[in-house]
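Structural overview
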Amino acid sequence: MPKRSIVSVAGLPIVKVSRRGASRLQDGHVWVYRSDISVDAVPPGALVSVADERGKVLGTALYSSSSQIAIRMISRDAVSDLGSLLRERIQAAIAYRERVVRDTDAYRVVFSEADLLPGLIVDRYNDLLSLQVLTQAMDAEPVRQTVVSELDQRLQPAAIAERVDPRVRELEQLPPRSSGLIHGEKSSTVFSMNGVRFHYDALQGQKTGAFLDQRENYAAAAQYARGEALDVFCYQGGFALHLAPHCSTVTGVDSSRPALEMAEQNAALNGQEIEWIEGNAFDLLKDYAGAGRQYDTVILDPPAFAKSKRTLETALRGYKELNLRALKMLRPGGILVSCSCSYHVSLADFVAVLASAASDAHKTMRVVEVRGQAKDHPVMLNVPETGYLKAVVVNASN
Ligand code: SAH
């Protein structure tokens, strides 16, 4: 008998998931891996109906023909009109931010799975929006048009820029595309968070421009900061600029010269004087700790060391070294804000690293706060992968 693709009642192609895949979905996760599905001639990026082995429909998903994450659920129900679902989801995402975001005109408007819009990220920087497309489904032209028109209508930005991650497009087997404005003409602006102002250029910088996920942690760090402060892995000065009004001196360290140039412009914008040092944080901390330098406030916010489970051990050693050196430099009564944005490093692992660093440094430390990512980057209770940022505030006893 010739193979033919099975079509659901709503006219959508059907993807059958194995028992393991179905139980994952029943547990509230939204991903099913390729090894847990069987498909027949489903087009890349298609909207699909998801069924278990017995044919019971479990919901509607977006399909990727190349990713290991073959389907990402978009609804537990049947979806007949993807366009109106996308519009509703964007409105809900905006409404959620209106409830939880304070003291800023820069925040994440859409956070992919956490807003039931898997594969789509939208950040707002004052009057500019930055958009990232991470999957075949979100890259489809009608989807793009709906997303841009809804964002335009609801938020009326001066412009929308797209930031392209070439590696993601390659993995999703999408044709190359370059970053740039996709709506409007303005590409730079000034945004503010917690009363601190920052330059933003939609066409430059890492990630989508700034590290919005740290916004609430900047305010927390500012609350405890005093004396001489060191911001290690400072990028464009997120923490340093928040510390400056409360500290006698602030030094920011990063290996990226363009990031430090932007940091310097940000300091000028806020009328602050901060010392910026270009260098390798590991070497600098070693030198400074060796030379007996002391600080009252230290921030550690390194890039994700554990990109996968395989590199976990190496990552933990990296965190240990950094935290050990930072703790050695902390004056009695001093505050360390130590961050990890590696999903693969759990909070328990990270706290254990800090505890072992404290004992090696012969310091008695108390935990002031255990924090995570800002509320506009919500963690889905049943999708652990949406939670990645840890920020632990510790205080050295006198
Ligand atoms: N704290 C920043 C974000 C830090 S992102 C903020 O809140 O905005 C991580 C930073 O680490 C990047 O700016 C990157 O340039 C820098 N970096 C990566 N490896 C480094 C190294 N070995 N030494 C110093 N900086 C490094």
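Within any chain, residue numbers begin from 1 and follow the written order of that chain's sequence. This being a predicted model, a pLDDT of at least 70 is required before a residue's local features are given, and a value of 80 or more before pairs of side-chain atoms are given or counted; all residues contribute to the totals for chains, interfaces and linings. Neither water nor hydrogens contribute to the side-chain values; these are computed over all heavy atoms in the structure.

What follows concerns the packing of aromatic side chains. When the centres of two rings from Phe, Tyr and Trp lie within 6.5 Å, Trp using its six-membered ring, the rings pair. Their planes under 30 degrees apart give stacked, over 60 give edge-to-face, and anything left gives tilted. Across all of its chains, the model carries 9 aromatic pairs by this definition. Summarising the aromatic geometry, the rings of Tyr 125 and Tyr 200 are spaced 3.8 Å apart at their centres and angled 15 degrees between planes, so their arrangement reads as stacked. On the criterion of sequence distance, the pair formed by Tyr 125 in strand S8 (residues 120–125) and Tyr 200 in strand S13 (residues 196–201) is long-range, its members being 75 residues apart. Overall, the relative accessible area of 0% leaves Tyr 125 in the buried class. Under the DSSP-based scheme used, a helix requires at least four consecutive residues in state H or I and a strand at least two consecutive residues in state E, with every element numbered from the N terminus. Only protein chains enter the calculation, and the probe is 1.4 Å; a residue is then buried if its accessible area is under 20% of its type maximum, exposed if over 50%, and partly exposed in between.

To continue, consider the site of the ligand. Close contacts around the ligand come from 15 residues, with Tyr 218, Phe 233, Asp 254, Ala 281 and Asp 301 the closest. Think of a polar contact as two N or O atoms within 3.5 Å of one another; within protein, one of them needs to be a possible hydrogen donor and the other a possible acceptor, and neighboring residues in sequence only count if both atoms come from side chains. Contacts to the ligand include Tyr 218, whose side-chain N or O atom sits 2.6 Å from an oxygen atom. In this structure, Asp 301 approaches the ligand through a side-chain N or O atom, which is 2.7 Å from a nitrogen atom. Here the term charged refers only to Asp, Glu, Lys and Arg, the term nonpolar to Ala, Val, Leu, Ile, Met, Phe, Trp, Tyr, Cys and Pro, and the term polar to all other amino acids, Gly among them. Each residue belonging to the shell around the ligand can be placed in one class, and the counts come to 8 nonpolar, 5 polar and 2 charged. The near set for a molecule or strand comprises every residue that places at least one heavy atom within 4 Å of it.

Helix packing for two helices is described by the angle between their axes and how far apart those axes are. For helices, the axis comes from a line fit to the C-alpha atoms of the stretch in contact; other axes are also lines fit to C-alpha atoms, and the angle between any two N-to-C directions lies between 0 and 180 degrees. Where helix H2 (residues 82–100) contacts helix H4 (residues 141–155), the two axes come as close as 10 Å, and the packing angle between them is 35 degrees. For the crossing formed where H2 meets H4, the hand is right-handed. Packed against H2, whose contacting residues are Leu 82, Gly 83, Leu 86, Arg 87, Ile 90, Gln 91 and Ile 94, the element H4 presents Val 143, Thr 146, Val 147, Ser 149, Glu 150, Leu 151, Gln 153, Arg 154 and Leu 155 at the interface. Here the residues of the contact of H2 with H4 are counted per class, giving 8 nonpolar, 5 polar and 3 charged. Note on convention: near helix rotated counterclockwise from far helix by under a right angle means a left-handed crossing. Clockwise means right-handed. Contacts are residue-level and defined by heavy atoms, with any inter-residue pair within 4.5 Å sufficient.

Further remarks concern the confidence of the model for the protein chain. On a range of 0 to 100, pLDDT expresses the predictor's confidence in each residue. In the predicted model, the protein chain carries a mean pLDDT of 95, and the fraction of residues at 70 or more is 96%. This model gives residues 1–5 a pLDDT under 50, and the stretch forms 4 contacts once residues within four places in sequence are excluded.

Strand order in this open sheet of 6 strands is S2-S6-S5-S4-S1-S3, and the pairing throughout is mixed. What marks the edges here is a single partner per strand, and that holds for strand S2 (31–33) and strand S3 (37–38). On top of the sheet, H2 reaches strand S4 (47–51) and strand S6 (69–75); it is set at about 75 degrees to S6, its chief contact. Any two strands with at least two DSSP bridges between them are considered paired.

Take the environment of Ser 346 next. Of note, Ser 346 is situated in the loop between strand S18 (330–340) and helix H11 (347–360). What makes Ser 346 partly exposed here is its relative accessible area of 30%. The sequence separation of Ser 346 and Leu 389 amounts to 43 residues, and the corresponding C-alpha distance is 9.4 Å.

Across the sheet, 5 strands lie side by side as S7-S8-S9-S10-S11; this open sheet has mixed pairing. Each of the sheet's edge strands pairs with one partner strand only, and the pair in question is strand S7 (106–111) and strand S11 (180–184). Neighbouring strand axes in the sheet, compared pairwise and without regard to direction, differ in orientation by 20 degrees on average. Relative to S11, strand S10 (residues 159–162) runs antiparallel, the two being bridged by 4 bridges. Looking at the pairing, Ala 161 lines up with Leu 181 of S11. Each of S7, S8, strand S9 (128–133), S10 and S11 is contacted by H4, which is oriented at about 160 degrees to S9, the strand it contacts most.

H11 packs onto helix H10 (residues 312–328) with a crossing angle of 45 degrees between their chain directions and a minimal axis gap of 9 Å. Viewed along their axes, H10 and H11 adopt a mutual orientation that is oblique. The interaxial crossing formed by H10 with H11 has right-handed handedness. Here H10 contributes Leu 312, Leu 316, Tyr 319, Lys 320, Asn 323, Leu 324 and Leu 327 to the contact with H11, which in turn contributes Asp 349, Phe 350, Val 353, Leu 354, Ser 356, Ala 357, Ala 358 and Asp 360. Looking at the contact of H10 with H11, its residues break down into 10 nonpolar, 2 polar and 3 charged. Any angle that is under 35 degrees is reported as roughly parallel, and any over 145 degrees as roughly antiparallel; angles of 65 to 115 degrees are reported as roughly perpendicular and all others as oblique.

All right, on to the environment of Ala 137 then. You can see Ala 137 is positioned in helix H3 (residues 136–139). Not counting residues within four places of it along the chain, the set of residues in contact with Ala 137 comprises Gly 45, Leu 62 and Val 143.

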